[in-house]
Amino acid sequence: MSMQVQDYREYLQEILIPEEQLQQRIAELAAEISRDYEGKLPLLICILRGGVMFLTDLIRYLTIPHEIDFMAIESYGQGRRDPGEIRLTMDLHTTIRGRHVLLVEDIIDTGNTVAQVLELLQVRQPKSLKVCVLLDKVERRQVEVPIHYRGFEIPNKFVFGYGLDMDGYWRNLPFIAVPDLSRYRPPKPFPSEEKD
Ligand code: PRP
């Protein structure tokens, strides 16, 4: 079914982190990670889907040998944003026992997702387990999580772009943006297809 998707420029309120600033900070994080994991062959794990852009840019700046892997989860509870349990919907291909693991996330909000993913990974006995996050919405934290590499601390505003979506769209934007939600219209099917 084709959808009517509003152009983000119609509701863009502000570019919170421009592309250059993002890339510069990601290069710095990669330099730090390259130093810290020298000779350790780390495995970088990305939680789908928001973290994909960050992971792929981050590894382009790494100067050490490393591997990547992906996992997907679904949160359930009363609402999507309520702290609830998570369910693993796609597991890793790699065995992490004895490995140096670095979890790479786009954003930590309540902390619920990362806290539970860490628990789940810890059971598998990695040699080390650390967290690298691009955006830390620290005011929203409900569960304390360790953050070893942090890109930016951001205010408690809804953000999209650079992996983060507006109802599934605009993850491709190279910057982090804030929408004016009063001007936002969620995607809907084209009128002619609504009856399908
Ligand atoms: C986002 C983000 C984190 C989580 C952070 O994922 O990628 O996984 O929310 O929120 P928390 O700290 O409150 O748990 P989202 O559910 O939007 O899925 P997506 O990555 O597939 O867009």
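Located above this text is the structure these notes cover.
As the structure is a computational prediction, the values presented were derived from the model and not from experiment.

1. Examining the nonpolar core
And step 1. By size, the foremost hydrophobic cluster in this structure holds 30 residues, and its most contacted members are Phe54, Leu58, Leu135, Val159 and Ile176.
And step 2. Looking at this core, the elements with two or more residues in it are strand 2 (12-17), helix 1 (19-36), strand 3 (43-48), helix 2 (52-61), strand 6 (100-108), strand 7 (128-136), strand 8 (149-153) and strand 9 (176-179).
And step 3. Element by element, the count of residues in this core is highest for helix 1, at five residues.
And step 4. If sequence neighbours within four positions are ignored, Leu135 has contacts with Ile17, Asp106, Ile107, Ile108, Phe152, Ile154, Val159, Leu164 and Ile176.
And step 5. Counting residues in hydrophobic clusters, the runner-up holds 21 residues, among them Ile86, Ile108, Val133 and Ile147.

2. Brief notes about a nonpolar patch on the surface
And step 1. A cluster of nonpolar side chains, contributed by Met1, Met3, Val5 and Tyr169, occupies part of the molecular surface with about 360 Å² of accessible area.
And step 2. Along the chain, Val5 turns up in the loop between strand 1 (3-4) and strand 2.
And step 3. Residue classification places Val5 among the partly exposed positions, given a relative accessible area of 32%.

3. Observations regarding the site of the ligand
And step 1. The ligand sits among 16 residues. The nearest are Glu105, Asp106, Asp109, Thr110 and Thr113.
And step 2. For the ligand, the protein covers 87% of the area, taking 500 Å² as the surface of the free molecule.
And step 3. If you list the elements that add at least two residues to the shell around the ligand, you get strand 6 and helix 3 (112-122).
And step 4. Top contributing element to the shell around the ligand by residue count: strand 6, with four residues.
And step 5. Residues of the shell around the ligand, tallied by class, amount to three nonpolar, five polar and eight charged.

How each quantity is defined
- Residues numbered from 1 in each chain as written.
- Predicted model: local features only at pLDDT ≥ 70, side-chain atom pairs only at ≥ 80, totals over all residues.
- Heavy atoms only, no water.
- Core = buried A, V, L, I, M, F, W, Y, C linked by side-chain atoms within 4.5 Å.
- Buried < 20%, exposed > 50% of the residue type's maximum accessible area, 1.4 Å probe, protein only.
- Helix = DSSP H or I, 4+ residues; strand = E, 2+ residues; numbered from the N terminus.
- Contact = heavy atoms within 4.5 Å.
- Patch = residues over 30% accessible without salt bridge, like charges linked within 9 Å, V, L, I, M, F, W, Y side chains within 5 Å.
- Areas by Shrake-Rupley, 256 points an atom, 1.4 Å probe, with all protein chains shown as cover.
- Salt bridge = Lys/Arg side-chain N within 4 Å of Asp/Glu carboxyl O.
- Near = heavy atom within 4 Å.
- Nonpolar A, V, L, I, M, F, W, Y, C, P; charged D, E, K, R; others polar.

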